[in-house]
Amino acid sequence: WFVSPQHSFFFNPMVEDTPENLNQWQVEYTIENLRNGLSVRISGDDKFGIVRYIAEYGFYEGGGAANPYRVDPWVLFAVLTNVVYIPVLHHVEAQWSHTIAMLKQKESAMMNCSTGDEYLEGMLARTRKELEESIQNRRVRCQDIRRRIIHSTT
């Protein structure tokens, strides 16, 4: 299995051999705080990727909750310090809302397909189960973060 490298978003195919065109990476890390359960996905390493963008540009990647590679500054702070503030709750809620919306969209698309297909029926059942679990996980996760916000501000 081969994963193609991620290029810098400053990559310009019209200009050859610029430092930004040589920046590419094939690594990804997840850093999780085991005390509060929050995590961030880091793509690249200390030379290339999001760590460099944060250091040089203060840029955490865009796309909001729809982009799993966005490193939210508040979440990063909570992961590194175990101190949770209200913006973390908003970020987690937005991520879950996005996930649930995507699962509902997937469920709707599968329901529109012809019924009677065992494979599609199985996929639909799995999607519905994943949707139910996501809604329950969101509820529990947000309650936990709310509790942590109260404890970290007292």
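Structural data are supplied above this passage.
Residues numbered from 1 in each chain as written. Predicted model: local features only at pLDDT ≥ 70, side-chain atom pairs only at ≥ 80, totals over all residues. Heavy atoms only, no water.

**Side note on the pairing of strand β4 (residues 39-43)**
Alright, step 1. Note that strand β3 (residues 28-32) and β4 share 5 bridges and pair antiparallel. Bridge pairing in β4 links Glu28 to Ser43. (Pairing = 2+ DSSP bridges. Helix = DSSP H or I, 4+ residues; strand = E, 2+ residues; numbered from the N terminus.)

**Observations regarding the packing of aromatic side chains**
Alright, step 1. Enumeration according to the criterion identifies 2 aromatic pairs in this entry.
Alright, step 2. Relative to Tyr85, the ring of Trp74 has its centre 5.7 Å away and its plane inclined at 70 degrees; by these criteria the two rings are edge-to-face. Of this pair, Trp74 sits in helix α3 (residues 73-81) while Tyr85 sits in the loop between α3 and α4 (86-111); the two residues are 11 residues apart in sequence, bridging distant segments of the chain.
Alright, step 3. Here the aromatic residues Trp74, Phe77 and Tyr85 are joined through ring pairs into a cluster of three or more. (Phe/Tyr/Trp six-rings, centres within 6.5 Å; stacked < 30°, edge-to-face > 60°.)

**Re the side chain of Asp72**
Alright, step 1. With respect to the helices and strands, the residue Asp72 is situated in the loop between α2 (50-57) and α3.
Alright, step 2. Since its relative accessible area comes to 11%, Asp72 is described here as buried.
Alright, step 3. A polar atom in the side chain of Asp72 sits 3.1 Å from the backbone nitrogen of Val75. (Buried < 20%, exposed > 50% of the residue type's maximum accessible area, 1.4 Å probe, protein only. Polar contact = N/O pair within 3.5 Å; in protein donor to acceptor, adjacent residues only side chain to side chain.)

**Overview of a nonpolar patch on the surface**
Alright, step 1. On the surface, a cluster of nonpolar side chains totalling about 240 Å² of accessible area is made up of Val27, Tyr29 and Ile31.
Alright, step 2. On the basis of relative accessibility, which here comes to 38%, the residue Ile31 falls in the partly exposed class. (Patch = residues over 30% accessible without salt bridge, like charges linked within 9 Å, V, L, I, M, F, W, Y side chains within 5 Å. Areas by Shrake-Rupley, 256 points an atom, 1.4 Å probe, with all protein chains shown as cover. Salt bridge = Lys/Arg side-chain N within 4 Å of Asp/Glu carboxyl O.)

**Here's the deal with α4**
Alright, step 1. Between its first and last C-alpha, α4 extends 37 Å over 26 residues, near the 38 Å set by a 1.5 Å rise per residue.
Alright, step 2. All buried positions along α4 are accounted for by Val88, Leu89, His91, Val92, Glu93, Ile100, Leu103, Glu107 and Met110. (Expected span 1.5 Å × (residues − 1).)

**Description of α2**
Alright, step 1. Taken residue by residue, α2 has Ile50, Arg52 and Tyr53 as its buried positions. Buried residues of α2, seen end-on, are gathered within an arc of 155 degrees and therefore sit on one face of the element.
Alright, step 2. Among the residues trailing α2, Gly58 stands out with phi positive, at a value near 65 degrees. (Arc of directions from axis to C-beta.)

**Considerations on the nonpolar core**
Alright, step 1. With 17 residues, the main nonpolar core has Leu38, Val40, Val71, Val84, Val88, Val92 and Ile145 as its most contacted residues.
Alright, step 2. Looking at this core, the elements that each hand over two or more residues are β4, α2, α3, α4 and α5 (118-152).
Alright, step 3. A per-element tally of this core places α3 first, with 4 residues.
Alright, step 4. Here Ile145 is in contact with Leu38, Val84, Leu89 and Val92, once residues within four sequence places are set aside. (Core = buried A, V, L, I, M, F, W, Y, C linked by side-chain atoms within 4.5 Å. Contact = heavy atoms within 4.5 Å.)

**A look at the environment of Cys142**
Alright, step 1. In this structure, Cys142 sits in helix α5.
Alright, step 2. Taking the C-alpha atoms as reference points, Cys142 and Val92, separated by 50 residues in sequence, lie 7.3 Å from one another.
Alright, step 3. When neighbours within four sequence positions are excluded, Cys142 is seen to be in contact with Leu89, Val92 and Glu93.

**Here we look at the pattern of salt bridges**
Alright, step 1. Taken as a whole and assessed by the stated rule, the structure comprises 7 salt bridges.
Alright, step 2. Note that Arg146 is salt-bridged to Glu93, the shortest N-O span being 2.9 Å. Within this pair, whereas Arg146 is found in helix α5, its partner Glu93 is found in helix α4, the two being separated by 53 residues in sequence.
Alright, step 3. It is possible to trace a salt-bridge network through shared partners that takes in Arg141, Asp144 and Arg147.

**Brief notes about the packing of α3 against α4**
Alright, step 1. Relative to each other, α3 and α4 sit at 115 degrees, their axes nearing to 8 Å. The pairing of α3 with α4 is recorded here as roughly perpendicular in orientation. Judged by the sense of rotation from one axis to the other, the crossing of α3 with α4 is left-handed. Each of Trp74, Val75 and Ala78 in α3 lies in contact with α4, whose residues at this interface are Pro87, Val88 and His91.
Alright, step 2. Looking at the contact of α3 with α4 residue by residue, the classes come out as 5 nonpolar, 1 polar and no charged. (Axes fitted to C-alpha atoms, helices over the stretch in contact; angles between N-to-C directions. Parallel < 35°, antiparallel > 145°, perpendicular 65-115°, else oblique. Left-handed = near helix turned anticlockwise from the far one by under 90°. Nonpolar A, V, L, I, M, F, W, Y, C, P; charged D, E, K, R; others polar.)

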